[in-house]
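# Coordinate inspection notes
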There are 2 protein chains.
Amino acid sequence: MATSRSHRPATRSRGIPEATVARLPLYLRALTTLSERSVPTVSSEELATAAGVNSAKLRKDFSYLGSYGTRGVGYDVEYLVYQISRELGLTQDWPVVIVGIGNLGAALANYGGFASRGFRVAALMDADAALAGKLVAGLPVRHIDELEAIVEDNQVSIGVIATPAGAAQEVCDRLVTAGVTSILNFAPTVLQVPEGVDVRKVDLSIELQILAFHEQRKAGEQGQGPDGDVPAVMPA
Amino acid sequence: MATSRSHRPATRSRGIPEATVARLPLYLRALTTLSERSVPTVSSEELATAAGVNSAKLRKDFSYLGSYGTRGVGYDVEYLVYQISRELGLTQDWPVVIVGIGNLGAALANYGGFASRGFRVAALMDADAALAGKLVAGLPVRHIDELEAIVEDNQVSIGVIATPAGAAQEVCDRLVTAGVTSILNFAPTVLQVPEGVDVRKVDLSIELQILAFHEQRKAGEQGQGPDGDVPAVMPA
DNA sequence: ATGTCTTTGTGAACGCGTGCACAAAGATAG
DNA sequence: CTATCTTTGTGCACGCGTTCACAAAGACAT
Ligand SMILES: NC(=O)c1ccc[n+]([C@@H]2O[C@H](COP(=O)([O-])OP(=O)(O)OC[C@H]3O[C@@H](n4cnc5c(N)ncnc54)[C@H](O)[C@@H]3O)[C@@H](O)[C@H]2O)c1
Ligand SMILES: NC(=O)c1ccc[n+]([C@@H]2O[C@H](COP(=O)([O-])OP(=O)(O)OC[C@H]3O[C@@H](n4cnc5c(N)ncnc54)[C@H](O)[C@@H]3O)[C@@H](O)[C@H]2O)c1
């Protein structure tokens, strides 16, 4: 953190670490739950437990946003909800387009938690002409050719890709050209994007493989003889 | 990512860093593509580009697995595919249960890439009695009461949770009690698990919020458009 | 065998993230 | 007002992960 002694950061916190940003939604969720229960304040210890993190980490995270706590008491739940929401940009509306309305795309469209936090499905799009006009989650599927117009008309800056891997890069290029600058990619591909465009990926297959790695290691630790087929040991 | 694996004893286990493990599936995917094209060898530079990472990082990652490259030539694609597969534990079969066959659970069940890499759907489970017996992706939905028997009979060690958030912890507890030691959680909840159980989460909402944060920052930095520093908002 | 050329494997430096530990801040009670 | 008690905010140290940069290894040609 900067060497500033002022209580309030003069400018909007420019330097929020990426790791902190990734945890803010977690805190926000826990805080929202508390808010619904009309809990007025919460200590860093309680909130940290609810969010599944270390309390020192949580306090440091909040310190990047400013000093919103009261020593001896804790944090004001409502105020913190507002501050984090604002920091994450959730006080405004984010229209989103979902491209590829297959199994996954349809599930995403039906996902309630989508709209709950400022994210609004502006359009569902698919290349399959047979799908065009069909209602999914109350919205008509639009043909991919309308993408550019929809993105512009709705000021869409976030796109979700749920097409097969083979089509993902092409869809990505079109989204970017149309003006989308944030992409959430569910297809198992590494997307190539120009500077200034953010991509985040959700990859089921990778998650499972990571779990398998640890699972194998756990299985190998117990009992197995010294010559198991559990790989890779560095001689100490 | 959030794995309950953060408390590693001082013992420097088999050296593979967590960050490296998380990238191995990425390399494997790129290598599999090369393999299908019958490319015999690949340099760290080429492979790194395909995987979207830095070549030095890739070489260091591979160095944890051993010295599988040939200087002046590169890496043998087939050999590397095998080594990484073995390291990740993909040379064996991993039966998986999916709990909660709603929108998302059904999409997961239909997901082809699931079975492609040693992961086999052992059972689909749901608490809704009306779903019991219904075929999803060719498999009958089983009632949640059969969970313990199915986990034991099929030696299931990996469970996928796709239930509503409110049911996730309860389902998690049952999975763990039944013997599952790795969980992939799609519900927006922080799961509490005992030592030795790995949890990875996939959280659409969090990903979107992270994108929104950066999007807001991008919009605020350069006075974009006629609306000033606050991006245009759709009228309600 | 010798030299040249390519590419690996890794030492070292650096930066980020984490967690400990504690002084300071403020609430609360007397 | 003073004392006590709770909890924040953060300085600091440490470890992990990333990246640079280069010597060593090996292929290949002559
Ligand atoms: N289903 C899952 O649970 C799951 C899980 C993880 C990852 N994924 C990935 O998500 C993606 C979608 O999976 P799915 O099961 O929904 O597949 P799907 O085949 O059911 O749906 C894909 C949809 O994309 C459409 N499409 C194809 N090319 C297009 C294009 N150029 N432009 C617009 N639309 C196009 C198709 O018409 C189809 O409707 C795949 O890449 C898959 O690997 C799926
Ligand atoms: N749909 C999405 O794209 C999406 C995206 C991100 C996250 N999620 C999360 O994934 C979860 C599932 O989403 P969904 O859209 O499929 O919901 P859904 O309501 O369509 O399906 C939930 C299913 O879980 C079953 N269920 C409820 N309690 C259960 C229990 N105790 N044991 C077993 N099964 C039980 C229900 O019968 C239902 O079939 C939710 O937590 C949601 O927040 C969904």
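Residues numbered from 1 in each chain as written. Chains lettered and ligands numbered in written order. Predicted model: local features only at pLDDT ≥ 70, side-chain atom pairs only at ≥ 80, totals over all residues. Heavy atoms only, no water.

To keep it simple, the criterion reads: UniProt positions are given in the numbering used here, feature names are shortened, and annotations may be inferred rather than shown by experiment.
Going by an unreviewed UniProt entry, chain A carries the name Redox-sensing transcriptional repressor Rex and comes from Streptomyces fildesensis. Here is the UniProt Subcellular location (unreviewed entry) comment for chain A, exactly as written: "Cytoplasm". Under the heading Subunit (unreviewed entry), UniProt records this for chain A: "Homodimer."

### Considerations on the protein's contact with DNA strand C
As a reminder, the rule being used: We call a residue near a given molecule or strand whenever any one of its heavy atoms falls within 4 Å of it. Polar contacts, as used here, are pairs of N or O atoms within 3.5 Å; protein pairs need one atom able to donate a hydrogen and one able to accept it. Residues neighboring in sequence count only if both atoms are side-chain atoms.
The environment of DNA strand C is formed by 26 residues, the closest being Lys-57 and Lys-60 of chain A together with Ser-44, Arg-71 and Tyr-75 of chain B. Among the atoms of DNA strand C lying within 4 Å of the protein, the sugar-phosphate backbone contributes 65%. Between DNA strand C and the protein, one listed contact pairs a base oxygen with a side-chain N or O atom of Lys-60 of chain A at 2.6 Å. Side-chain polar atom of Arg-71 of chain B to a sugar or linking oxygen of DNA strand C: 2.8 Å apart, as the coordinates give it.

### Comments concerning the interface of chain A and chain B
Put simply, an interface is often sized by how much accessible area is lost when its parts join up. Put simply, the rule is: We call two residues in contact when some of their heavy atoms are within 4.5 Å. By buried area we mean how much accessible surface two parts lose on assembly, using a 1.4 Å probe and totalling the loss over both. Note on definitions: salt bridges are taken to be side-chain nitrogens of Lys or Arg within 4 Å of carboxyl oxygens of Asp or Glu. Helix and strand labels come from DSSP, where a helix needs a run of H or I of at least four residues and a strand needs a run of E of at least two; each type is numbered from the N terminus. Under this grouping Gly is polar, as are all residues other than the nonpolar Ala, Val, Leu, Ile, Met, Phe, Trp, Tyr, Cys and Pro and the charged Asp, Glu, Lys and Arg.
Listed as interface residues are 71 residues of chain A and, on the opposing side, 67 residues of chain B. For the pair chain A and chain B, the summed buried surface comes to about 6,500 Å²; carbon and sulfur atoms form 64% of the total. Where chain A touches chain B, the interface holds six salt bridges. Glu-207 of chain B is the salt-bridge partner of Arg-200 of chain A, the closest N and O atoms lying 2.3 Å from each other. Taken together, chain A and chain B are joined by 22 residue pairs in polar contact (both at pLDDT 80 or more). With 16 residues, helix α8 (residues 204-221) of chain A is the largest single contributor of residues to the side of chain A that touches chain B. Considering only residue class, the side of chain A that touches chain B consists of 36 nonpolar, 17 polar and 18 charged.

### Thoughts on the side chain of Thr-20 of chain B
Note the threshold: When a residue's accessible area, from a 1.4 Å probe over protein chains only, is under 20% of the maximum for its type it is buried; when over 50% it is exposed; and in between it is partly exposed.
Tracing the backbone shows Thr-20 of chain B in helix α1 (residues 18-36). Since its relative accessible area comes to 2%, Thr-20 of chain B is described here as buried.

### Comments concerning the UniProt feature "DNA-binding region" (unreviewed entry) in chain A
According to UniProt, the feature "DNA-binding region" (unreviewed entry) maps to residues 26-65 of chain A in the numbering used here. Counting secondary structure, residues 26-65 of chain A comes out at 75% helix and 5% strand; the distance between its end C-alpha atoms is 15 Å.

### A closer look at the site of ligand 1
Residues in contact with ligand 1 amount to 23 residues; listed here are only the nearest, Asn-103, Leu-104, Asp-126, Ala-162 and Thr-163 of chain A. In this structure, ligand 1 is bordered by residues of chains A and B. Leu-108 of chain B is positioned such that a nitrogen or oxygen atom in its backbone is 3.4 Å from an oxygen atom of ligand 1. Within the side chain of Tyr-111 of chain B, one N or O atom sits 3.5 Å away from an oxygen atom of ligand 1.

### A closer look at the sheet that holds strand β9 (residues 182-185) of chain B
All names here are of chain B. To keep it simple, the criterion reads: Two strands are said to pair when DSSP picks up at least two bridges between them.
The sheet built from seven strands is open, its strands ordered β6-β7-β5-β4-β8-β9-β10 with mixed pairing. Edge positions in the open sheet fall to β6 (135-136) and β10 (198-201), since each of these has one partner strand only. Here four bridges tie β9 to β10, and the two strands are oriented parallel to one another. For Ile-183, the partnering residue across the bridge sits in β10 and is Val-199.

### What to know about the protein's contact with DNA strand D
Taken together, 26 residues surround DNA strand D, and among them Ser-44, Arg-59, Arg-71 and Tyr-75 of chain A together with Arg-23 of chain B come closest. Per the 4 Å cut-off to the protein, sugar and phosphate atoms form 65% of the nearby atoms of DNA strand D. Take Lys-60 of chain A: an N or O atom from its side chain is 3.2 Å from a base nitrogen of DNA strand D. A distance of 3.0 Å separates a sugar or linking oxygen of DNA strand D from a polar atom in the backbone of Gly-72 of chain A. Mapped onto the surface near DNA strand D, the elements with two or more residues apiece are α3 (55-65), β2 (69-70) and β3 (74-76) of chain A together with α1 and α3 (55-65) of chain B. The greatest single-element share of the surface near DNA strand D, amounting to four residues, is contributed by α3 of chain B.

### Thoughts on the sheet that holds strand β6 (residues 135-136) of chain A
All names here are of chain A. With respect to topology, seven strands assemble into an open sheet ordered β6-β7-β5-β4-β8-β9-β10, the strand pairing being mixed. Edge positions in the open sheet fall to β6 and β10 (198-201), since each of these has one partner strand only. Sheet analysis places β6 next to strand β7 (residues 139-143), joined by two bridges and oriented antiparallel. Each residue of the ladder has a partner; that of Leu-135, found in β7, is Pro-140.

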